[in-house]
Structures are given as C-alpha cells and as structure tokens.
Amino acid sequence: MGHSTALFLLLSLLLLSGTSYLDRATLGFCNADPNVGCMDIEKKALLKLREGLTDPSDRLSSWVGVDCCKWRGIGCNKTTGRVDSLNLRNPYVDGLESDDATLHALGGEINPSLLVLKDLVYLDLSMNNFGGLELPSFIGSLEKITYLNLSGASFGGVIPANLGNLSKLLHLDLRNNAIESDLRWLSSLSSLQFLNLGGANLTMAAPYWLPTVNMLPSLLELHLPGCGLSILPPTLPHINFTSLLVLDLSANGFNSTLSPWLFNLTELVNLDLSRNNLNGELPETLGSLTHLKNLDLSENSDIEGQLPRNLGMLCNLQSLKLSINKVTGEITEFIDSLSTCTNSSLERLDLGFNSLTGNLPNSLGLLKNLRYLTLRYNSFQGSIPESIGNLTSLEEFYLAENKMGGVIPESFGQLSSLVAVDLSQNTWEGVVTEAHFLKLRSLKDVSIQKASPNISLVFNISSNWIPPFKLRYLNLRSCQLGPKFPAWLRNQTELVTVVLNNDKIVDTIPDWFWQLDLLLDELDVAYNQLSGKVPNSLRFSYPATVDLSSNLFEGPFPLWSRNITSLDLRDNFFSGPIPSNIGDVMPSLSDLDISRNGLSGSIPLSLGNLSLLTTMVLSNNYLSGEIPHFWNNIPFLYIVDMSNNSLSGTIPRSMDSLGSLLYLILSSNNLSGELPSLRNCTGMKSLDLGENKFFGNIPAWIGESMLSLLILRLSSNSFTGSIPSNLCGLSNLHILDLSHNNLSGHIPRCVGNLSGLKTSVISDKDTSYLYQGKLKVVAKGRVQDFDTTLYLVNSLDLSNNNLSGEMPRELTSLIKLWTLNLSMNHLTGAMPSRIGSMESIETLDLSINQLSGSIPQSMVSLTFLNHLNLSYNNLSGTIPTGNQFNSLVDPSIYEGNAALCGYPLPDCQDGGTPQGPSGGGEDTGFKMWGFIISMVIGFVMGFWGVCGSLVISKSWRKTYFHFTDKMIVACIRKYQGAQEI
C-alpha cells in the first residue's frame, strides 16, 4: 500500500506542476521579481510564432509590450525570467457549440522559432485547428519538455520518430488527430507517466505494441482507444509497468478472450476494454483487481457466461459496465456479495442488453450509493423488490424490455433523487397512486409503455393531486389513465414530450392543457377516444412529431408550427378542405398521414413545396379533382397513397421523377387514361392502381424497370391486349392481380418464373419497411383486407377477363402460392395433371371456363385446400376422394359440369358417368308430360283458391295483410337484436 500511495503522490505532484504552469500561463509574470523580465530573444521568437498562426478571434491580442511574461498563455520562470510554459489550448471548446469553438481555434503553421525557448517544459496547443498540418518534427528537439499536449488540434501525418528524444517527457497527449505511427520511438521515453494516442492509426504496431509499452516502467496511465491494434497478446512474460493505474484499450477490434496478464496489474483503478470483440467467460481472477474503481467491458457482444463470484468482492468498484454482451444467469449472488461490503462504493451498474434472468434480489436496496442502474433488454422476471425505496441516491433507473410484472411497490415513491425512469415493455399490473410519486421531487423523465394494446396497469390519481415534480418527458402508452384526461398534468409547465397513447381516455382535451404554453418536440395521444376541436395555438420545437390518430377529433384541419416534421391525423373526423397553404405553414414536414377522415376538396398545390416529404398518405377521404403536377419538387417521396377518394383525370407524367418511390397506391378513384411511363421508379415495391378506369395495354416497362416489385394490382380497370410476358421477370412478385379487365390471349407459359411464388423471399422482420397500408385480396371466395400480414399473402388472380387457351402446366411449379383465381375466362383443355404439387394452395377457383377432362387425382395432395370452385366447366369423370375432398362437400363446387359424378354429386355408373333414371324413352316421356300437366293444374287451383278468396272477401283480405305486417315487423326486430349482439 505504501508503494501505491507514493505513486498517487507522484501523480498528484505532476498534476499540481501542470496546474502551476497553467496559472502562470494565465497570470503571466505577476508574482516574479520585478527586476527580472522577458528575454528579448524569446519575445522575438514568440512574435515570430504568432506571425505563422491564424487567430480569428484575436486570442493573442495581448501579445504586445515589452514583457512577454505578461502575455496571455505565456508562463516564465520566476527566477530567470525565461519562458518555461506555453499554453495556447482553445479555452472555448468546453461548453460551447462546435461552431462557436471553431471560431476561437488557432490555425496556420507552427514556427520553429519555438526552439529558442530553451527552458520550455510545458507546451499545450490542444483543441485548435491546424487543418491536417503534420506534427512538427522540431518538437523532438525541445529537450527539457515534460508536458506535451497536442490533442484534438487536427494534426496529420506520421508521428515524428524524434519524439523519442524527449527523455524528460512525463505527459504526452496526441489523441484525436489524424496521425499514424509504428511506435518504434516510444520505448525511449523511459520517464513517461501519461500516454494518450487515442484515435491514432497504430495498425503497423499491432504485432508488438504490448512489448513496446512494457518498456515504460514509470507509466501510470495508458490510453490507446480506437487505434486499430487488433491483437491482444495472450501472454506477457514479465510486466514492467506494474504501477499502471489507468488502462484504456477500447475500440481496437480485439477478437480474443481476456488475457491473463491483465489481472496481474493489481494497482489498476480504471480498466476500459469496451467496444471490442472480446469473447469467452469473465474469469474469477477479476477479483484480484481490488483497487479497481471503473470497469468497462461493454459492447463486446460475445462475452458470455455468468457473472464471476469474485466480482462482488470488488468493494472499491464505483462503475461497472457490461452492457451489450451475452452474459447469462442470475445476478443475486453478485449483488448479495457486493452488498456485504462495509460501504459499497458502487454508483453505476450497467448490465443492459444481455441475457440475464431471475428476480431482482432484495439486497439491491443495500447499494445505497447507487446513482445509475441500467438493467434493460434482459429476461429478468418477478417484480421490483420493495427494498428499491432505500436507493435514495438513485438518479436513473432503466428496466425496460424484460419479462417483469406484478405490482410496482409504493416504496418506489421514496426515490427522492430519481431523475429518469423507464419501466417499458414489461407486464406491470395493479394500481399506481400518488404514493408512487410521493418524494420524486427531482423526476424529469418517465416512460411506462408496452407494444401490446392489452392494458393491465391502472393510474388511480386524484384530480386534485399536485405532483412534486416538473416533468420534461412523459411516455405512458397502453396504461389506463382515463376515462378523464389526467388533471395532474395541469402544473406540468416544462413538458417537452407528451405520449398518452392507448390510455383509455374518453374525453375532450381541456382548455388548460392547450394554454400551458408548452414547447413540444412530440405530442402523441393516438388510440384514445378524444373528441372536440383542436386549436392552432400549440408551439413546437424542431424537429417535432404530432400523432392524433385513431380518435374522434373533428373540425377543420389544424395548422401548426413550421417545426413539425411528422403529422399523423388519420382515422378521425376532420372535415373541410386541406388548407391551401399547408406547404407554406409547415414546410419541414417529412411524414404526412391524414387518411380516414372526412376531408374534401382538391389536393392543394402547396404540398409541392414540401421538399423534404417522404410519406404522403391521403387515402379514404372525399378528395376530388385531378392529381397535381408538383412531383418534381418532392424528390425523397417513397410512399404515395391517395386511394379511396374521388380523384379524376390521369396520372401526371411528372411522377416519373420520383426515383425513391416504393409504394404508389391510387386504387378506388375515378382515374382514367393510359398509364404514363414510370420507368425511373426502379425501386417500386407496391403498385396498386385497382378500381379505376385506366385503359390500353398493360405497359411493358413494369416488367422491365420495376424489378423489385412485390405487389402489382391493376384489377377492375379496362386494360386490353395480352398479359406482357416480361412480367414474368418480376422475381420478387408475390401478389399479382389483373382481374376484372378485358385482357385476352393465353396465360404466358413463363408464369413459372415468378420465383416469389416459389420461395419465401420476405421475412416478418421486413414488414415494417416493405409494406404500407391495406390491400384487398380475393381469398376463400370473398374479398379480404390484409395489412399487417400482407407479407404472408401469395396470390395470383387473373379472373374475369377474356383469356383463352390451356392452363400452363408451369403454374404447378408455384409451390408457395396460396390463392389461384382463373375464373370467368375462356380457358380450355384439361387441368394440369401435376396441380397437386402446388402444396400451399388454400383457394383455387377455376369456375366459369371451358375446362374439360377429369379432375386430376393429384389434387388429393392439396392438404391446405379449403376453398375450391370448379363449377360451370366441361369436366367429367369421378370426383376424387380423400384428404381435403372429404370436407369439400358443397355440390355447388362442381355444379354445371354435366359429366361429373361421385360424392357429393350423384353416384357414378361403371363407366364413370352420372347414374341416370331407369326405363324406356316412351314411358319416360309419358310420365314427364303427366307430371307437367299435374303441376299446371295444381298451380291454378292453389293460386285461385288463396288469391281468389282474398279478392272476393274484404274481411279475409284485411286479416291476411294485418297478419303479414305483424310477421314483417317481428322479423325486422329480431334481425336488429341480432345485429346489436
């Protein structure tokens, strides 16, 4: 311990000496002998140095007068008057914006006149901007220098080898420059105590950097982060730098286990090996570093295994960071052990983004110095321990994305220092009351949200309660705050972020909230039942997002600040026109969704001024008029959805300029004309133009330019001509709908090339990016809307056209196809014999064609088939039995095929034809005529027997119609009751 104390004293003396230099540099020669002044030769050398420097803020304006020792940044020896320190560090870099700091940075060149300063021991040019200037080699001739700091000064090139001549150098800081070195010169600096080369390119020294550094016996601090060393040697036979206190080797790309020699550095206080690729388990020998205060092994990704038992013996530990690894097991033993320390020093514990399990131990409450606790993104279970209330120093508590649940303890309200808490993505239940916030006077940020819409956590807070805190960030999603809007927000005048999404609020937003005069960066009250009109008085900072979707808001379209970048008003009752000046009032918009409202009128031209817009969703409104020609001004658009409106006219040719467009959805309008070229939209994923009045041929450029297309829907238009064969080149296509047109010709044989219907090219991880909006798909005999599961749908629909010829046998290779609809065409010939290989088929509709032959026996293999329609063809023979055919027993599936037989149709004769009635032709004809005559006589007698009576007798007529009215009313009431249920 005596040796360690001596080292600390030595380090303190070094820092004090540096401080004295700084003091002299600032105060000049104030305390010196008044008879001793600056030497003229050194004054001239300094003036020469100033001539080479650029000084945009006149920091060196004090460099005038006789005595240079009084100049800013100059320190002189009090006895000799010679300059011994030069501190030109940019003092404005801390606490200022980077642009402001740059204005005060020195630049230019460093004149060799510095060599005149023979007694210079302290040189600091850090945090300036020398624009890539090479490190001056003459610095290696400043023989007496002990402190050299050129960090963050934008030097470049190779570190001069003659720096190795500075045998008295104690402190060398060259971090954050664009420099490189082989470190051959380093071993000569035998007195060096502090070395920081952070960010330097030392890849040439990677094989031997450790033996080189090991030749510095006085080294106390070694900082080599981000140097590309790549190799962490597993062994070091003899350690010379045993006094090392600080070791920072972060971000070097080491791909190995932790080397055993590290744990022989028993004086270490700080160890940082973060942001590497270290792997393997944490060794028990970590416990030998008993002086350790800060240990950072975060962001290695592959450190695994459980926390070592001895880790809890490090009672001096103040900060432990192990986030973003693969650490497993429970933390109970570690926390229990650490809590037995006489006075645990732990202030920061970061175990986030691992695979830790188990419950949080009650002993956690004994770590009373804990200020920052991060356990998010693990698999912790159980509830928060009651002892959490003992952590009165805790400032930040992050527990999001675990598997925790249960009741949040009331002791949570004792965390009097708490500033930020995130309990999101767990399954909390029970009730939150004022007691949970009792002493949280410092609270600023609160987040309790979950992705699931199911609500299990209820806030039961009095409308008269006044919180002890002033929040900045409030995110309560899928909690029950309602039905009333939370009145305790009334005094929250410092809010910046407000998220009250899916909180069961059934109310209007009170006037006092609009009048809080907040400056917001996010307002999200979506998925409630909020109603009323929205004022235009809200203020927003840049960038800001607003989400009012899925509520009951009404009134005119609200116009707010120019700082809003994302605006979502979908699924409300906003009405009237879109303001004509929207593009001028909110020019920063990048995302706009105003779908599912009652907006009317035309699309305003000012939308074309939104040059940053990426998504434009205007669907399901009452918009009319033509689509404007402003697309050249919106180059970053990737979603355009104007479906389900009353738009007319043609698609503007300027839409071809949208090179980033991925989704163009214009379905269910009154658009017409031939399709203009959209060849430049080469990244298109979904093109939906269904339910319009387009005509002409299907353009060939779709198959030539849109090779990434996933969905092509042109149904319910008036397209003519044949199906272009180059559509078969769309290898990612998995929904193709050309139904309800006037297409003719044969189905292209190349349809078998649609590999998107052969393999699953999309995973569920892609859905948020690749799919937008809803799509109507005919499946199981009816039209269905798909949205979140759209990526799962594989459909080919060519129904209701004039297609002819045979079904191409290549169709049978589409083994991932779910729905095949070729109904209402003029297809002939037999069904492909290998149709049974389409193993994923659920819906198959070949009705109303002219197909002939038998139903292929291979169809019995279609075990997912649940909707089949083969009606009104010329099929013959026996209906197959087995598997799904045992459940496809509705005769209408096969009706209109006179030569089909077998269950559920009449049984077959031996020849495979339907079994007819027995008897001769003459007898049959006589019986048929008799049957017809009997039917006619029966109808006449029955009709006049009933209707004649009603005509003759008024009382009978009145009674009959009164009875009929009562029956109708009874039926209507019964139907209405069923609907309400």
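Up top is the structure.
As a starting point, this report considers the structure included with it.

Cut-offs used in this document
- Residues numbered from 1 in each chain as written.
- Predicted model: local features only at pLDDT ≥ 70, side-chain atom pairs only at ≥ 80, totals over all residues.
- Heavy atoms only, no water.
- Salt bridge = Lys/Arg side-chain N within 4 Å of Asp/Glu carboxyl O.
- Helix = DSSP H or I, 4+ residues; strand = E, 2+ residues; numbered from the N terminus.
- Buried < 20%, exposed > 50% of the residue type's maximum accessible area, 1.4 Å probe, protein only.
- 1 Å grid on protein atoms, 1.4 Å probe; cavity = no way out; pocket = protein on both sides within 12 Å on 5 of 7 lines; lining within 4 Å.
- Points joined across faces, edges and corners; volume = space filled by probe spheres on them.
- Nonpolar A, V, L, I, M, F, W, Y, C, P; charged D, E, K, R; others polar.
- Pairing = 2+ DSSP bridges.
- Core = buried A, V, L, I, M, F, W, Y, C linked by side-chain atoms within 4.5 Å.
- Contact = heavy atoms within 4.5 Å.

Topic: the pattern of salt bridges
Thinking step 1. One pass over the structure, following the stated rule, counts 21 salt bridges.
Thinking step 2. Measuring nitrogen to oxygen at the nearest pair gives 3.5 Å for the salt bridge that ties arginine 477 to aspartate 524. Taken as a pair, arginine 477 in strand β28 (residues 473-477) and aspartate 524 in strand β30 (residues 519-524) lie far apart in primary sequence, 47 residues in all.
Thinking step 3. Note on arginine 477: relative accessible area 22%, which makes it partly exposed.
Thinking step 4. Two residues, arginine 713 and glutamate 691, come together in a salt bridge whose shortest N-O distance is 2.6 Å. Highlighted residues: arginine 713 in strand β46 (residues 711-713) and glutamate 691 in the loop between β44 (686-688) and β45 (693-697), separated in sequence by 22 residues.
Thinking step 5. According to the relative accessible area criterion, arginine 713 is buried, its value standing at 3%.

Notes on empty space enclosed by the protein
Thinking step 1. All told, the structure shown has seven cavities of 30 Å³ or more when counted by the stated rule.
Thinking step 2. If you add up the space inside the largest cavity, you get close to 90 Å³.
Thinking step 3. Ile408, Phe412, Val421, Leu423, Val432, His436, Phe437, Val446, Ile448 and Phe459 together form the lining of the largest cavity.
Thinking step 4. Considered class by class, the residues forming the lining of the largest cavity number nine nonpolar, one polar and no charged.

Remarks on unusual backbone geometry
Thinking step 1. Geometrically, the link from tyrosine 542 to proline 543 is a cis peptide bond, its omega value of -5° lying close to zero.
Thinking step 2. Its location among the elements puts proline 543 in strand β32 (residues 539-547).
Thinking step 3. Phi angles above zero are rare outside glycine, and tyrosine 377 is one such case at about 55°.
Thinking step 4. Examined against the element boundaries, tyrosine 377 turns out to sit in the loop between β21 (372-374) and β22 (396-398).
Thinking step 5. Positive phi, close to 60°, is recorded for serine 478, a residue that is not glycine.
Thinking step 6. For serine 478, the position within the fold is in the loop between β28 and β29 (497-499).

Remarks on the environment of aspartate 173
Thinking step 1. Relative to the helices and strands, aspartate 173 resides in strand β8 (residues 171-173).
Thinking step 2. By relative accessible area, aspartate 173 is classed as buried at 3%.

Concerning the sheet that holds strand β14 (residues 279-281)
Thinking step 1. Sheet architecture is open: four strands sit in the order β14-β16-β18-β20, paired in parallel fashion. Among the strands making up the open sheet, the edge pair consists of β14 and β20 (355-356).
Thinking step 2. Here two bridges tie strand β16 (residues 302-305) to strand β18 (residues 326-329), and the two strands are oriented parallel to one another. Within β18, the residue paired with glycine 305 across the bridge is valine 327.

As for the pairing of β32
Where a strand is regular, its side chains alternate between the two sheet faces.
Thinking step 1. Relative to β32, β30 runs parallel, the two sharing five bridges. Paired with aspartate 524 across the bridge in β32 is aspartate 547.

Here's the deal with the nonpolar core
Thinking step 1. Membership of the largest hydrophobic core comes to 253 residues, with the highest contact counts inside it found for Phe397 and Tyr894.
Thinking step 2. When sequence neighbours within four positions are dropped, the list of residues in contact with tyrosine 894 reads Ile855, Leu868, Leu870, Ser871, Ile879, Phe885, Leu888, Leu900, Pro904 and Leu905.
Thinking step 3. Core analysis: the second largest hydrophobic core is formed by seven residues, Ile711, Ile735, Val777 and Leu790 among them.

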